[in-house]
Amino acid sequence: MQALEKNITVSQAPTQDGDASMHSPRTGNLADQQGMQRMNKKQETRRDFKNVTMLAFSMILMCSWEGVLSTPAIAFGNGGRAGALYTNLAVWLGFIAVHATLGEWGSMMPTSGDNQYHWVSELAPKRSQKFLSYVVGWLGVLGWQTGIAFSGYLTGTQIQGLLVLNYPGYVFERWHGTLLIIAMLSFAVFFNTVLAHRLPLVEGLILFIHVFGFIGIFVTLLALSPKASHQAVWNTFYDPGWNNAGLSTLIGGLVAATAPLLGADAAGQSTYNLSRYASLTEEKAHVAEELQDAAYTLPRVMTLATFANGLMAFVMLIAICYCIGDIEAVLSTPTGYPFIQIFYNITGSLAATNAMTAFIIILSASSCITIMAGSSRQLFAFARDDGLPFSKWVVRVRPGLDVPVNAILVSFAFAACISLVNIGSTAAFSSITSLGTGTLTISYIICLSCMIWLRIAGKPLLPSRFDLGRSLGLTLNVVAVGFLVLVVVIAFFPPVPQPLLTIVSMNWSILIFGVVVLFSMSYYFLWGRKVYVGPVEYVRVLE
């Protein structure tokens, strides 16, 4: 208890005395400082992000329309074009409800890291706060750390896809892709350490590419490609053997649409590993301690980014459905990525295809940098509350850099080790990196359930500068839980029906998920419960 008592000893809340220190990149404004003091956390990172740069961070992390370009294989292979469109629209609306709720919580508790575990610590019934918070924290660690490896995989294999297109004699080797993954991860580490203070500026520049790249590619698709009929696009479903068009549509369209809006461009190219497309989730709150006026800005950025990215993804999907041409030929492309083949088919030019694909690769690389930032902050925050082995080392912030360098290095090492699995088996790599959908969606469900319990029981909630109100808030909570339960069930489904399903193509993520949960529970009862008390124990009331 000595460590706890030491942490509770903090200075008094700041006062509005007009001192310039009350609003600076180092400490934020008065509301930021009071929020940190209420949660009894020390401001160790700089607040370099503002409204526009945080919006850029959020939208680049999602990379929604870029993800849609990479996922037609699973969406069209299960459900067809019509199934992909309708499920994409439904998922977009579902995530508006989810992220509106997360925004309300983020305004109440704008701290760094996987805010789900902090939120649960304050929202759950007192007798279960500690345990549930610990479980949700580990779910966040698992989901985000695997997400870094997959983000690097996308960038590396997209580069390989261009090599296949430009050099017919090039042989697509898995170890080549792994080397490119590690190179991309190293670049992300460099950006998140040496160039960390330039990250907001770069995010703003990438947002420009994100928006205008979308316009350029969308216009090119519509202008140059032959169009499918409205009947083929909006009324044609496809069932590869599930004997149920609705189930087939959910398995293909739901997962493919969930991936970009769940947090990043978790989209791949294989037709038999749908689970690889969903490995990440809620992102903006992870850098709340680096955002100025976080309680006000954070929820609005989260909601706006979800709406804007969802709209862009849906519009781009419509264009793909009309312009894809021969679906079977495109999905079986030797490049591994259907969008590369689509670009080449409609332009007939290697130079044009390379230029258009370069936009996607740049944005994928930027997303990897952003995911590294969010993942390391989540790791840092959970370690700060003694939730991990070797927490004292992980939580160190290097003077001068003002970023959690050790947490960044741990994230890099974990992702690099996972990428080595790709050399032996892409299917095994996919099973590991696909865990994000299940783990992080479950953490959402736990948080939402706690909020529903508080609202139904009439319990008081913390003040929020993004207050949804009791009726609207409860409605959104219930809708979000129902939606996420469906997502988590589908996330663990096999990607293809019998007799196409094999041992290699089976979705083994449920087994890996179970092993990790058993490990985390064992660590909790053997050691974690002795040192982990949960963020709520550090919270103090400001006068």
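Since we're looking at a predicted model, the values are computed, not measured.

## Here's the deal with the overall build of the chain
Here is step 1: Along the backbone of the chain there are 22 helices and 0 strands.
Here is step 2: When each of the 543 residues of the chain is scored for burial, the buried share is 61%.
Here is step 3: Intrachain contacts of the chain at a sequence separation of at least 6 include 79% that bridge at least 24 residues.
Here is step 4: Carbon and sulfur atoms make up 68% of the accessible area of the chain, which amounts to about 20100 Å² in all.

## Some thoughts on the nonpolar core
Proteins that are soluble and globular tend to have nonpolar side chains buried together.
Here is step 1: Counting residues in hydrophobic clusters, the biggest one holds 67 residues, and the most contacted among them are Trp65 and Leu221.
Here is step 2: The element contributing the most residues to this core is helix α13 (residues 294-323), with 10 residues.
Here is step 3: In this structure Trp65 touches His210, Gly213, Phe214, Ile217, Met312, Ala313, Met316, Ile360 and Leu363, once residues within four positions along its chain are discounted.
Here is step 4: Listed in part, the 59 residues of the second largest apolar core include Val98, Ile452, Val487 and Phe513.

## Points about a nonpolar patch on the surface
Here is step 1: Where nonpolar side chains cluster on the molecular surface, the patch consists of Leu205, Phe208, Phe212, Ile215 and Val219 and spans about 500 Å² of accessible area.
Here is step 2: As for its position among the elements, Ile215 is in helix α10 (residues 199-224).

## Brief notes about helix α6 (residues 80-108)
Here is step 1: Compared with the 42 Å implied by 1.5 Å per residue over 29 residues, the 42 Å span of α6 between its first and last C-alpha is a close match.
Here is step 2: Most of α6 sits out of view: 24 of its 29 residues are buried.

## Description of the environment of Ala355
Here is step 1: One can find Ala355 in helix α16 (residues 350-384).
Here is step 2: Since its relative accessible area comes to 40%, Ala355 is described here as partly exposed.

## Considering the pattern of salt bridges
Here is step 1: One pass over the structure, following the stated rule, counts 2 salt bridges.
Here is step 2: Among the salt bridges present, the one from Glu104 reaches Arg455, with a minimum N-O distance of 2.6 Å. Note that Glu104 is positioned in helix α6 and Arg455 in helix α20 (residues 435-457), a separation of 351 residues in sequence. The pair formed by Glu104 and Arg455 is uniform in burial state, with each residue classed as buried.
Here is step 3: As a salt-bridge pair, Lys392 and Asp386 come within 3.4 Å of each other at their nearest N and O atoms.

## Examining the packing of helix α8 (residues 129-166) against α16
Here is step 1: Two numbers describe how α8 lies on α16: the axes approach to 9 Å, and their chain directions differ by 160°. Regarding the angle of α8 to α16, the classification is roughly antiparallel. Every pair of crossing elements has a handedness; the one defined by α8 and α16 is left-handed.
Here is step 2: The residue makeup of the contact of α8 with α16, split by class, is 17 nonpolar, 18 polar and no charged.

## Some remarks on the packing of α8 against α20
A pair of packed helices is characterised by two quantities: the angle between their axes and the separation of those axes.
Here is step 1: The interhelical angle for the contact between α8 and α20, taken along N-to-C directions, is 150°, at an axis separation of 8 Å. Between α8 and α20, the angle is such that the two are roughly antiparallel. Regarding α8 and α20, the two cross each other, and that crossing is left-handed. Contacts between α8 and α20 involve Leu132, Val136, Leu139, Gly140, Leu142, Gly143, Trp144 and Thr146 on the former and, on the latter, Leu435, Gly436, Thr439, Leu440, Ile442, Ser443 and Ile446.
Here is step 2: A class-by-class count of the residues in the contact of α8 with α20 yields 9 nonpolar, 6 polar and no charged.

## Some details on the environment of Leu474
Here is step 1: Looking at the element boundaries, Leu474 is found in helix α21 (residues 470-491).
Here is step 2: Distance from Leu474 to Arg455, taken between C-alpha atoms, is 6.6 Å for residues 19 residues apart in sequence.

## Topic: the packing of aromatic side chains
Each pair of aromatic rings is reported with the distance of its centres and the angle of its planes.
Here is step 1: Under the counting rule described, the total for this entry stands at 24 aromatic pairs.
Here is step 2: Judged by centre distance (6.1 Å) and plane angle (55°), the ring pair of Tyr86 and Trp234 falls under tilted. With a gap of 148 residues between them, Tyr86 in helix α6 and Trp234 in helix α11 (residues 230-234) connect regions that are remote in the sequence.
Here is step 3: Relative accessible area serves as the criterion here: at 25%, Trp234 is assigned to the partly exposed category.
Here is step 4: Ring centres 4.7 Å apart and planes at 45° place the aromatic pair Tyr134 and Tyr524 in the tilted group. Placement of Tyr134 in helix α8 and of Tyr524 in helix α22 (residues 509-531) is noted, with a sequence separation of 390 residues between them.
Here is step 5: Ring-pair connections join several aromatic residues into one group, and the members of that group are Phe131, Tyr134, Trp138, Phe382, Phe519, Tyr523, Tyr524, Phe525 and Tyr532.

Conventions we followed
Per chain, the residues get numbers from 1 upward, laid out in the order the sequence is written. At least 70 in pLDDT is required for a residue's local features to be given in this predicted model, at least 80 for side-chain atom pairs to be given and counted, and no such filter applies to totals for whole chains, interfaces and linings, which use all residues. The side-chain numbers reported here are obtained from all heavy atoms of the structure, hydrogens and water having been left aside. Every helix listed is a DSSP run of H or I at least four residues long, and every strand listed is a run of E at least two residues long, numbered separately from the N terminus. Each residue's exposure class comes from its accessible area (1.4 Å probe, protein chains only) as a fraction of the maximum for that residue type: buried when under 20%, exposed when over 50%, partly exposed otherwise. Residues count as neighbours in contact if any of their non-hydrogen atoms are within 4.5 Å of one another. The accessible surface values rely on the Shrake-Rupley method and a 1.4 Å probe; as for residues, cover is taken only from the protein chains in view. Put simply, a nonpolar core is a bunch of buried Ala, Val, Leu, Ile, Met, Phe, Trp, Tyr and Cys residues held in one set by side-chain atoms that sit within 4.5 Å of each other. Candidates for patches are residues over 30% relative accessible area with no salt bridge; among them, like charges are joined within 9 Å and nonpolar side chains (Val, Leu, Ile, Met, Phe, Trp, Tyr) within 5 Å. Only one rule defines a salt bridge in this text: a Lys or Arg side-chain nitrogen within 4 Å of an Asp or Glu carboxyl oxygen. For a helix, the expected span equals 1.5 Å multiplied by the residue count minus one. Throughout, an axis means a line fitted to C-alpha atoms (over the contacting stretch in the case of helices), and angles, computed between N-to-C directions, take values from 0 to 180 degrees. Throughout, the term roughly parallel applies to angles under 35 degrees, roughly antiparallel to angles over 145, roughly perpendicular to angles from 65 to 115, and oblique to all others. Left-handed describes a crossing whose near helix is turned anticlockwise from the far helix through less than a right angle; right-handed describes the clockwise counterpart. Asp, Glu, Lys and Arg are counted as charged, while Ala, Val, Leu, Ile, Met, Phe, Trp, Tyr, Cys and Pro are counted as nonpolar; the rest, among them Gly, fall into the polar class. The criterion for an aromatic pair is that two Phe, Tyr or Trp rings (for Trp, the six-membered ring) have centres within 6.5 Å, with stacked assigned to planes under 30 degrees apart, edge-to-face to planes over 60 apart and tilted to the rest.

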